Amino acid sequence: MTQDKSVSEEPESRQRPAQIFTGSERPFDAEDLVMASGREPTPANLARARKEIEEKGAAALERYLP
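Conventions and cut-offs
Residues numbered from 1 in each chain as written. Predicted model: local features only at pLDDT ≥ 70, side-chain atom pairs only at ≥ 80, totals over all residues. Heavy atoms only, no water. Core = buried A, V, L, I, M, F, W, Y, C linked by side-chain atoms within 4.5 Å. Buried < 20%, exposed > 50% of the residue type's maximum accessible area, 1.4 Å probe, protein only. Helix = DSSP H or I, 4+ residues; strand = E, 2+ residues; numbered from the N terminus. Contact = heavy atoms within 4.5 Å. Expected span 1.5 Å × (residues − 1). Arc of directions from axis to C-beta.

**Some details on the nonpolar core**
Phase 1: Within the largest apolar cluster, seven residues are counted, these being A30, L33, V34, L46, A49, A60 and L61.
Phase 2: Listing elements by their share of this core, those giving two or more residues are helix 1 (30-36), helix 2 (43-56) and helix 3 (59-62).
Phase 3: When residues in this core are grouped by element, the largest group, three residues, is from helix 1.

Rendered as structure tokens:
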């Protein structure tokens, strides 16, 4: 009996997803921006993030992502 090499032997949690999203190509909101920056989603941080999204658009999130 031969083992099928097309099936990964790594646990599912270590397998790479079929598509990797690394930027702001998907919709995001103020909470996403706050979390990407490493801050807590407090009302003040969310307000700051909304303002930054208004001013910079997708570039506001792209600066925090690879």
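**What about the environment of L33?**
Phase 1: Take L33: it is sitting in helix 1.
Phase 2: Classification of L33 by relative accessible area gives buried; the value is 2%.
Phase 3: Placed 17 residues apart in sequence, L33 and R50 show a C-alpha to C-alpha distance of 8.7 Å.
Phase 4: When sequence neighbours within four positions are dropped, the list of residues in contact with L33 reads A49, E52, I53, A60, L61 and Y64.

**Some words on helix 2**
Phase 1: Its 14 residues place the ends of helix 2 20 Å apart at the C-alpha level, agreeing with the 20 Å of an ideal helix rising 1.5 Å per residue.
Phase 2: Buried residues of helix 2: N45, L46, A49 and E52, and no others. Here the buried residues of helix 2 occupy an arc of 120 degrees about the axis, which is enough to place them on one side. For helix 2, the exposed residues set more than 90 degrees away from the buried face come down to P43, K51, E54 and E55.
Phase 3: Against the buried residues of helix 2 lie helix 1 and helix 3.
Phase 4: Phi for G57, located one or two positions after helix 2, is positive at around 65 degrees.

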